[in-house]
Structure formats: C-alpha cells, structure tokens
Amino acid sequence: PPVLEREKVAEPRIEIDPGVVEWLRKREAASETPAPPPLPERRKLVDYGDAAKPESPPPMPQEPKEAFSLEKFMGVKLFAWLGGVAMFFGVIFFVKYAFENNLIPPPVRIALGFVTGTGLLIGGLLAHRLERYRVLAQAFLATGVLILYGVSFAAHAIYHFAAFGTLTTFGLMALITFAAFLIAVRLNALVVAVLGMLGGFLTPVLLSTGRDQVFGLFGYIALLVIGLLAVSRHGRWRFLTSSAAVGTVLMQMGWYGKFFTAGRYFEGSKTLIPMGILLFFIVLFLAGGWLGRRRPGLHAAGSVLGLATVAMLFAAVMLDFEQVAGRYAVLYGFLLLVNLAVIAVTVARPQLGVAQLVAAGLTFLHLAKWTHCYLTAANLPGALALYLIFGALHAVVPVILFRRMPSNVAMAPLKAGPWFGPLVLLMMMMPVMSLSPVPLVLWVGILIADVLVIGLAVATGAVIPVLASLALTMLVAAMWLFRVPTHVDSLLPFLGVITGFSAIFALAGRWLIRETAVGGDGKIRLVPAALVLPVASAALPFALLVLALSRLPVANPSPVFGVALLMTSLLAGLAILGKQGPLVLAALAGTLAVEGVWHEHHFQPTSATVALLWYLGFYGLFLAFPFVFRKAAAGESAPWIASALSGVGHFLLVHNLVKRAFPNSMMGLVPLAFAIPALIGLFAIIRKFPGMDEKQRSRVAWFGGVALLFITLIFPIQFSRQWITVSWAVEGALLLWLFRRVAHPGLQLTGLALLAIAFIRLTLNPAVFTDYPRSGTAILNWHLYAYGLAAAAQFAGGHWFTDRAGRWKSLQPQAVLYAFGGMLLFLLLNIEIADFFTAPGDRCIAFEFGGNFARDMTYSIAWGLFSLGLLGIGFWKGSKYARYAATGLLVVTLLKVFLHDLSQIQNIFRIGALVGVAVIAFIASFLYQRFFDRSKTS
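The written sequence of each chain sets the order in which its residues are numbered from 1. For a predicted model such as this one, the threshold for reporting local features is a pLDDT of at least 70, and the threshold for listing and counting side-chain atom pairs is 80 or more; totals across whole chains, interfaces and linings nevertheless cover every residue. Neither water nor hydrogens contribute to the side-chain values; these are computed over all heavy atoms in the structure.

### A closer look at the overall build of the protein chain
The helix and strand inventory of the protein chain stands at 37 helices and zero strands. For every residue, the accessible area (1.4 Å probe, protein chains only) is compared with the maximum for its type, and the residue is labelled buried under 20%, exposed over 50%, or partly exposed between those bounds. Counting every position in the protein chain, which comprises 938 residues, the buried fraction comes to 45%. Contact definition: two residues touch when any of their heavy atoms are within 4.5 Å. Once local pairs closer than 6 in sequence are excluded, the contacts in the protein chain between residues at least 24 apart make up 73%. All accessible-area figures derive from a Shrake-Rupley calculation using a 1.4 Å probe, and residue coverage is judged against the displayed protein chains alone. When the accessible surface of the protein chain is split by element, carbon and sulfur atoms take 69% of a total near 47400 Å². Comment: elements are numbered from the N terminus, with helices defined as DSSP H or I runs of at least four residues and strands as E runs of at least two.

### Focus: a nonpolar patch on the surface
Together, M666, L669, L672, I676 and I680 make up a nonpolar patch on the protein surface, roughly 470 Å² of accessible area in all. Here I676 lies in helix α28 (residues 669-688). Here the term patch refers to residues with relative accessible area over 30% and no salt bridge, with like charges joined within 9 Å and nonpolar side chains (Val, Leu, Ile, Met, Phe, Trp, Tyr) within 5 Å. For salt bridges, the criterion is a side-chain nitrogen of Lys or Arg within 4 Å of an Asp or Glu carboxyl oxygen.

### Details of the nonpolar core
Grouped together as the largest cluster of nonpolar side chains are 191 residues, with contacts concentrated most on F281, F285, F334 and M428. Per element, the largest residue contribution to this core is 11 residues, and it comes from helix α11 (residues 298-318). Residue types Ala, Val, Leu, Ile, Met, Phe, Trp, Tyr and Cys, when buried and joined through side-chain atoms within 4.5 Å, form a set referred to as a nonpolar core. Core analysis: the next-biggest nonpolar cluster, separate from the first, contains 22 residues, A729, A733, F759 and A790 among them.

### Notes on the packing of helix α27 (residues 638-661) against α28
Lines fitted to the C-alpha atoms define the axes, with helices restricted to the stretch that makes contact. Angles between their N-to-C directions range from 0 to 180 degrees. The N-to-C vectors of α27 and α28 enclose an angle of 170°; their axes lie 9 Å apart at closest approach. In this view, α27 runs roughly antiparallel relative to α28, as classed from their interaxial angle. Crossing of α27 against α28: the hand is right-handed. The segment α27 lies against α28, with W640, G647, H650, F651, V654, H655 and V658 engaging V670, P671, F674 and I685. Of the residues that constitute the contact of α27 with α28, the class distribution is eight nonpolar, three polar and no charged. An angle below 35 degrees is read as roughly parallel, one above 145 as roughly antiparallel, one from 65 to 115 as roughly perpendicular, and any other as oblique. For a crossing to be left-handed, the near helix must be turned anticlockwise from the far one by less than a right angle; the clockwise case is right-handed. Lys, Arg, Asp and Glu make up the charged group, whereas Ala, Val, Leu, Ile, Met, Phe, Trp, Tyr, Cys and Pro make up the nonpolar group; the residues left over, Gly among them, are polar.

### What about the side chain of T248?
Mapped onto the elements, T248 comes out in helix α9 (residues 239-260). Among the residues examined, T248 registers a relative accessible area of 0% and is labelled buried. Residues in contact with T248, not counting those within four places in the same chain, are F201, I221, V225, F281, F285 and L307.

### Digging into the environment of M318
Residue position: M318 is located in helix α11. The spatial distance from the C-alpha of M318 to the C-alpha of T271 is 9.5 Å, given a sequence separation of 47 residues. Sequence-distant contacts of M318, defined by excluding residues within four places in its chain, comprise Y256, F260, V324, A325 and L331.

### Focus on the environment of A468
Mapping A468 onto the fold places it in helix α20 (residues 464-481). Among the residues examined, A468 registers a relative accessible area of 22% and is labelled partly exposed. Between the C-alpha atoms of A468 and P422, which are 46 residues apart in sequence, the distance is 6.3 Å. If near-sequence neighbours (up to four positions away) are discounted, A468 is found in contact with W419 and P422.

### Some remarks on helix α25 (residues 608-628)
Residues spaced three or four apart along an α-helix point in a common direction, a consequence of the helix completing one turn every 3.6 residues. By this rule the span expected of a helix is its residue count minus one, scaled by 1.5 Å. Between its terminal C-alpha atoms α25 stretches 29 Å, which fits the 30 Å expected from 21 residues at 1.5 Å a residue. Every buried residue of α25 is listed here: A608, A611, Y615, F618, Y619, F622, L623, F625 and P626.

### Structural notes on the packing of helix α8 (residues 214-231) against α9
Direction vectors running N to C along α8 and α9 enclose 170°, while the axes themselves pass 9 Å from each other. Comparing the axis directions of α8 and α9 gives the class roughly antiparallel. Of the residues in α9, those in contact with V214, L217, F218, I221, V225, L228, L229 and V231 of α8 are L240, T241, A244, T248, M251, Q252 and W255. Of the residues contributing to the contact of α8 with α9, the split by class is 12 nonpolar, three polar and no charged.

### Comments concerning the side chain of H599
Along the chain, H599 falls in helix α24 (residues 582-602). Think of a polar contact as two N or O atoms within 3.5 Å of one another; within protein, one of them needs to be a possible hydrogen donor and the other a possible acceptor, and neighboring residues in sequence only count if both atoms come from side chains. Of the polar contacts made by the side chain of H599, one reaches the side chain of N656; its length is 2.7 Å. H599 has contacts with Y615, L653, N656, L657 and R660, leaving out every residue within four places of it along the chain.

### What about the environment of Y220?
Along the polypeptide, Y220 turns up in helix α8. On the accessibility criterion, Y220 (5% relative accessible area) is buried. Spatially, the C-alpha atoms of Y220 and F201 are 9.3 Å apart, while their sequence positions differ by 19 residues.

### Section: a positive patch on the surface
In this tally, Asp and Glu contribute negative charge and Lys and Arg positive charge; neither His nor the terminal groups of the chain are included. The atoms used to mark charge sites are NZ of Lys, CZ of Arg, CG of Asp and CD of Glu. A surface patch of like charges, here positive, comprises R630, K631, R687 and K688. Elements supplying a minimum of two residues to the positive patch: α26 (630-633) and α28. Residue position: R687 is located in helix α28.

Pasting the structure below:
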C-alpha cells in the first residue's frame, strides 16, 4: 500500500514484515491475470478494476433530457403559435375591411383566400419534413386551415355564389375539416387541431353578416363538432371534446342573444327550432362519446351534462314567454328528453349520479315556477300528470337500471329515488294554495303519488320517505281544509278523505313491516321506520280532526267522535293482529286531543249529557281493552299504559264538565270516582298476573301511580289555590314511596319530575303577586297549605328516596329535595309576611321594602331566625350545604339590617335592631364553636 511505501522512504532502516512483502508480490502477480478471482456473493458490487470484465454489457447510454428553457419555449413555440393566430386575424380583418370598402371584387377575394390557405397548407407540409422547422410548419398548417374555413363560409353565407350552394359548401367544409384533423393526427400536431377548432368557431363570428341563418350556422357547427369528436379519440387529446362543447354553448348563447327575440322564435312552431338544436347537440355529443365504447368518456359525459344545463336554462327563460309556457306539453316534452339524456349519462357513469339529482331539482324548480305563474283549474290535470311523470322518471328509472350495478358503485340516484314521491306531494301543495275551490282531482294525484312512494319502499326498503309522504299528505289535507266552505256539511267529505288515506298508510305500514322484517340471509331485521309508520298513520285523522274542530263550528260532537271511535277501533285491531301495542297509545293520544279541542271550543252546558257519555265511553273503552284482550296484551306494555293514563286524561275533561254544567261544593268526589276504577284495575292485575317480573312491576306501577294521583287530588281539589301544584308534589312524594315497594324506574323518575315541576311552579310563579288576591287571614291561609304541603312533600320525597343501584349518585336528588323544601319554606315565610302587611285596600300581595319599619324588621328577624334554624339543621344532620346556605342567608340579613333597616329608624328602635342582630350573630357563632368540630368532616 502507499502508506507502507511512504514509510520505507521516510524510515529506510526499518525492517519490513516478510508477510507484507509476500502480500505485495501476490497482488502484483494478480494484476497481470486476465480476470480477477471469484469474490464472495456479498461483494458483487465491488469494482473489479480496469482489467475486470463485466458479467453483462453495460446499458446503452440514454440521451439526457433537455432541461426546460423558458426562453426557448417562447422563441420557438409560443412565437410560432402567436404568429399563426396573428396571421389568421390579419387575413380575416383584411378580408373584412376589403368587404366593407369593396376594394377587391368578391370573386377575387374568395380566390385569394383559397390560394393563401392552400399555399400555407402546402408550405407547412413541406416544412414539416425538416425536424428543426416542425413547430413553424404546424403553425402554417393551422393558419391555412383557418383561412380555408373562413373563405368557404364567406363564399356561401355572404356572397351567395352559385357554385357554393348548401351541399357544395357543406362538402367543401367537410373536406377542409377532414384534412385539418387528418393532418393533426398524422403529424401529431395538437396545435393544428386546437387552432383549427378555434378558427372554426371564430369564423362565423368574425364574418357575420347580421342575418339569421340558423340552419347553416349550426350545421356548420355540427360538422366542426363531428371532426373534433373524431380527433379527440387520438392519443391524449380528450379535452378537445370538452372544448368543442364549450364552443358550441358559446355559439348557441350568441345566436340566442342576437336572433331569438328578433326572429320571434317563441311563436308557434318556430319554438321547436331552438329546442331541436339543443337536443341535436346533446345527442351528438352523447353518441360521439359512446360510439365504439362500452360507455362515454368523462369529457364526453361532462359535455353532455353541460349542454343539458344550457338546455334547462333555456327552458327556464322560456317561462318569460307566455306563448311558450302556454304550450306546456311541448315545453316539458323538451325537458323530458333532456332529463333522459342526463339519466343516460349517469347510467353509463354512476360516479356522476349527482348530475341526475341536480337535473331533477332544476326540473321541479321549473315546474314550481310554471305552476306559480300559469296554473289554472283547466290545466290542473296536466300539471298533476307532469308532477307524477317527472317524479316517477327520477324515482323508478334509477331503481330499475342501477339495481344491476355492482354493490360498490356509488348510486346517488338510487338512494335519492324514493324521495321524489314526497317531492311530488310537495309540488301538489301549490295548487291547493292557488286554486279556490280545489278540484277533487287533486286527491287522485295525491293517491297515485302515495302509491308510488309505497311501491318504492317495498322495492328499496326505504321506509322513511313513506313517513314523509304521510306527513305531507296530512299537510295538504290541512291546507285543503282551509279552502272549503265553513259549514258543517263540508266536514263530511273531508272526514272521508282523511279516513281513507289513514287506512291506506296503516295497511301499508303493516305490509312494510312484513316485507322488511326478514333480510336476504333469513335473519330478522325490523326497520324502525316501518314500526313507526302505523303509529304515525294514526296521527293523520286525529290531527286533522283537531284542525277541523278548531276551525268549523261543531255543536254536536257525535259525528266527529264517531270518526274518532272508528279510527280507535281500527288501530286497536291492528294492535291485536300485529302485536303493536304503541298503536293503542297513539289512539288514546288522538282521541284525547279530539275530545279536548272540542271541549275547549264548542262545549256548552246544554250539551253536557252527550259529551259526558262520550267521555266516559272512551274512558271505559281504553280502561277495559287490555283486560278484555288479556292474551294479546300480556306481552305488551303500551295497552296497560294507555289503560291507566286514560283515566288521567278523561278526568280533566269530566272535572271541567261537572264544574261548568253541574257546579257543587263536593268536587272532591270526582277524583274519588276515578280512583275507584284505578284501584279495581290494580287489584285485578295483581290477581290475574301473579308474580312480580319486569312487566308486572310496570303494570302495578302505572295503575298504582294513577290511583295515588286521584287519591291525592281529593283534598287539594276542594281548595281554590294551587290545588293542581300541591297534588303534583304529594303525588311525587308518594311515587317515591311506592318505588321502595315496586322497584320500577318510571315511578322514581316520574316522582322526581313531579316534585321538581311543583317546586318550579311555586317559586317561579309571578301570579302569586300579580293575580292572586291577598288572603285577608294571617298565617292560616291558602299560602300556608299550598307552600306548606308542597314543602312537606319535598321533605317526604327526600326521606323516601332510595338509590340502591347508584344511578343518581352524581346528582344527589335527596339533598336537592331537602333544599327544595327549605326554599319553599323560606318563600312561604316571606309571602306570609308580605300578605300580612299588605294594605287592606290592595287587591294583591305587595312585596316591598322601605316605608314600614315593622315590616322591614319582621323580614330581617324572620330571616335571621330562619337562618339559625337552618344552621341548627345543618349541624344536626351533618350537612355542610345546609350550613353554607344558613351562613349566606345570615350574611344577607346582616347586610339588609345595616344598609337598609338602620337607615330607616331612629333612637331606641335602632338600638333594638342592633341588639337583635347581635344576638342572632352570637347564636350563630356559638353554634359554629359548639358543633363545627364534630361536623367538619361531613
């Protein structure tokens, strides 16, 4: 090695290791051999040296790619392209100038144009043979094509030479187009194709004579488009299709802006001309993109969608012309064909499925505007047919076509298809709003739309649109109700319509439950919406009956209540056959709503007997239902809940009826009369269903809770102030007591809710000070029993509350109930003081400070004593929250005394106040010193 050689020169006396000398000799000998010794596999990448022979020939050197040079690009390509464009414009403007000033005779102009264009083509073809001039050659070719286009068009459209008839010119321009695109393909000259396209579209614009020649213009554009579609198939020039579509749209818009109104194309059969042109180009691009392929390319599909958008905008503009809008069959036939083209694209390209939804939305917006502007009773059947045709087109066709697609293909139209039925129903609201009276043919259209939605639900499993259709049908019926005459006879056909549609949706719900219950693998999968549909269908007649009762005068409730009874029987039958207990609850809610609205708007004491019989009849029907059909209701909870709650709802009606029609001093007998059936039902449940499983606890809880409610109503209903609030509080406490014996979570939750509601009504009720007259009796008045009983109920509820499962640990309801009771007592204390000191002449309680020393000091002393009592309870029960509340109230009391009370009094009274405050403070201090150490860990 070189290191050793340098060492020998530097140190000649050092002896060299014989082993090293031997290694050097072997290395020199090895360098003379023609090939190196074989190396281990792991060292294959090591260089063999100059004498080594490679195992394989080295790869051929590749020509390095030339780095992009902006200067070269501008100097070679860009300037050539710009030169070609400038040449084209120069020739065009020269020709135009010559035309305008008549410098050159027309035949000479045309001849010079052909000579120039042909010369450029020949020169370009010759120059293209030389590699270095190919860019310039392509520019010559493109410019020659542009000039030949312009000259041919001018000879035919401007000078009308006999030799340039329509067929001759068409053939010549076809030849030029074919030559241009053939050159572009054969020479791989994209610039020729692009400039040829630009020139082709600019020629009729630049050489326009201002005369309308619609067929010649768009025939020329069609020829140009055909050539571009053919060239776009070459290599990667797909964008030429989109470019051709853009040029076509611009030409269409330009022609429309200049010639449509001037040519009165909105009159008579002339309307078909622009519609036909638009449809022709849509079909042309669709066929050109699809020809020879399994499906059109993305550029072709996008071009069709763009042209369809232009066609829809044209149809929207046509609504401003009454002559076109009046011929709605022609107008919407045109739109129908456009929609079919869009559907064809989305079928070929499922990823563009959103385009169909956009087309459908634009079509229905068009229909909405037409309906708003031109709908009459005479063309209503045609309008309904249009709604249904377009709704079925966009709903049914995707279901038929897309069901054969792979499951992983995006199918937006298939998912949105079932929603077009509700959209049709939404459209049918417009005739209801604009026509008076509304023809009955509207309901035929609504029926067909509902059947369409139900059929699609069976085919696709989409049940939620059926619910939406039910709601919209109900809304249309409600709107129709406001268009009928306001007399009783008009209610009968209305009742027939809503009853019929309710039955249709109820049966459809039953059918859909059966159809969607079992999946393809045989497993049961109940669709929640299918379960809700029969229940929702019950709301249709009841809700509309309520609306009718709120608008129409109905003195005799028997016809309306008879329809309610019929619907109740229908829903009860469906509940038994289909084991759908919630239908009974829906029937109860609807019946109570109908009864309540009639009672509120139309009840008169003279008709009390008829109303009372209906109320008690409905109550008995719902009460007896689960007992009569015990086997069917054994596994359901809803019938038993409806049976129990029926008493609550009908009690309110019967109580008000008796109070108004049969006033007496023993109104407490009314809740007693309702408590008896509830208790009988409770004992019957215990006897008929022995044991205490989850369902039995639910039945006992509901009937026991309702019985307790009526029992608690007996006492407070005899009074005239806050009896309902007090009954809620007592009921809440008793439900918490009942929960300790029947551990049903509903009892506990309802009890807590009732106690909270009673507290809110008594604490946040301004009517106590504004509407209720002062009692006139100190302490022993209605305030004492109302707030006292409510507070006692809060304390009892806190005492009876239990939480074995630990579900309420974070909320601590027991402490909250105790706090509610304390706040009610504090509020009662203040109300009693305010009631006592209110002037006898004042009607309502006056809660005021200042102006009355005795009243102010009474407040202060009462607050102080209340805080001491609360503080003692806090130490007694070991509750830090009670102590905090007591301390806060005591601080407020002291601030009130020092800042308010002492400023209002003088001399001995001030001293007495200070002494009283001091005593209260001392007592509080003593309590803390005496008991705090024992409670600090509480």
